[in-house]
Amino acid sequence: MPDTIQHVLVPGTFDPITYGHIDVVKRARRICPLVTVAVAESLGKNGVGTAFSLDERVALAREALGEIPGVEVRPFRGLLVDFAREMGADAVVKGLRAMTDFEYELQQADLNYRLDNHLESIFVMSAPQYGYISSSVVRQIASFGGDVSQLVTDNVAEALRRRYAV
Ligand code: PNS
């Protein structure tokens, strides 16, 4: 009998965490007893800096998620596979929103597999209401003073207001 999955990482940049991310974390928790939300130092998908520092992104994620038994939030630097090994995690869980996510996520999963073929990649389908939420959309709306209350928790909306205050 092979080992079953006991601990998964939900990795991301979380710049900032959205209701879409929270949905993925809760789904991951339903299928696994221990979930670590792994906040990457990350330069972002396009190699540009993040809107919030690593410490800020971790703090916002912790507040937004609240106390969910079996869920913790940790920062990491470097390769995800190294962090997974350090944490003793067996798999990575990511959300798939639309077809547009697929190519990128497949590439990430392929690279992670080449680096460590013991680390499983698991994908959960985002709930339809979160299908088009992304951190970059949230940042864009907030930067123009738009209402993001449907997309992020109150603490994140407040942090965005401060971040983009003129
Ligand atoms: O929120 P994102 O941008 O989808 O998250 C991407 C993330 C942080 C999960 C990915 O970039 C990552 O794992 N970064 C750490 C470096 C690494 O291991 N890259 C994958 C193999 S090159």
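Quick caveat, the model's predicted, so the values are computed rather than measured. (Residues numbered from 1 in each chain as written. Predicted model: local features only at pLDDT ≥ 70, side-chain atom pairs only at ≥ 80, totals over all residues. Heavy atoms only, no water.)

A. Region of interest: the layout of surface pockets. For the second largest pocket, the calculated volume is near 170 Å³. Residue lining of the second largest pocket: 13 residues in total, with A142, G145, G146, A157 and R161 positioned closest to the centre. Looking at the lining of the second largest pocket, the elements with two or more residues in it are α5 (135-143) and α6 (154-163). Broken down by element, the residue count for the lining of the second largest pocket peaks at 4 residues, all from α6. Considering only residue class, the lining of the second largest pocket consists of 6 nonpolar, 4 polar and 3 charged. (1 Å grid on protein atoms, 1.4 Å probe; cavity = no way out; pocket = protein on both sides within 12 Å on 5 of 7 lines; lining within 4 Å. Points joined across faces, edges and corners; volume = space filled by probe spheres on them. Helix = DSSP H or I, 4+ residues; strand = E, 2+ residues; numbered from the N terminus. Nonpolar A, V, L, I, M, F, W, Y, C, P; charged D, E, K, R; others polar.)

B. Looking closely at the side chain of R57. Position of R57 among the secondary structure elements: in helix α2 (residues 54-65). In this structure, R57 is buried with no salt-bridge partner, the nearest side chain bearing the opposite charge being D15 at 4.2 Å. Separated by 2.8 Å, the side chain of R57 and the backbone oxygen of T13 make a polar contact. Setting aside its immediate chain neighbours within four residues, R57 contacts T13, F14, D15, V39, A40, E41, S42, T50 and F52. (Buried < 20%, exposed > 50% of the residue type's maximum accessible area, 1.4 Å probe, protein only. Lys, Arg positive; Asp, Glu negative; His and termini not counted. Salt bridge = Lys/Arg side-chain N within 4 Å of Asp/Glu carboxyl O. Polar contact = N/O pair within 3.5 Å; in protein donor to acceptor, adjacent residues only side chain to side chain. Contact = heavy atoms within 4.5 Å.)

C. Inspection of α2 at higher detail. The end-to-end C-alpha separation of α2 is 16 Å, in line with the 16 Å expected for 12 residues at 1.5 Å each. Where the residues of α2 are buried, they touch α1 (19-31), β2 (34-40), β3 (71-76) and α6. The positive-phi residue at the C-terminal boundary of α2 is G66, with phi of around 65°. (Expected span 1.5 Å × (residues − 1).)

D. Representation of the environment of V148 within the structure. Looking at the secondary structure, you find V148 in the loop between α5 and α6. Among the residues examined, V148 registers a relative accessible area of 5% and is labelled buried. Note: C-alpha distance between V148 and V92 (56 residues apart in sequence) is 28 Å. Every residue in contact with V148, bar those within four places of it in the chain, is listed here: V138, I141, A142, A157 and L160.

E. The arrangement of the environment of H118 in detail. One can find H118 in the loop between α4 (99-115) and β5 (120-125). With relative accessibility at 70%, the residue H118 sits in the exposed group. When the C-alpha atoms of H118 and R85 are compared, they prove to be 9.6 Å apart, with 33 residues separating the residues in sequence.

F. Local environment of the packing of aromatic side chains. Under the counting rule described, the total for this entry stands at 1 aromatic pair. A ring pair is formed by F76 and F83, whose centres lie 5.1 Å apart and whose planes are at 15°; its orientation type is stacked. The residue whose ring lies beneath R163 is Y164, and the NZ or CZ to ring-centre distance is 5.1 Å. (Phe/Tyr/Trp six-rings, centres within 6.5 Å; stacked < 30°, edge-to-face > 60°. Lys NZ or Arg CZ within 6 Å of the ring centre and 35° of its normal.)

G. Seen up close, the site of the ligand. Lining the immediate surroundings of the ligand are 14 residues, of which G12, T13, A40, L80 and K94 lie closest. Computed on the free molecule, the ligand has an accessible area of 550 Å², of which 77% lies beneath the protein chains in the complex. Counting residues per element, the ones that place at least two in the shell around the ligand are β1 (7-12) and α4. Tallying contributions element by element places α4 first for the shell around the ligand, with 4 residues. Looking at the shell around the ligand residue by residue, the classes come out as 7 nonpolar, 5 polar and 2 charged. (Near = heavy atom within 4 Å. Areas by Shrake-Rupley, 256 points an atom, 1.4 Å probe, with all protein chains shown as cover.)

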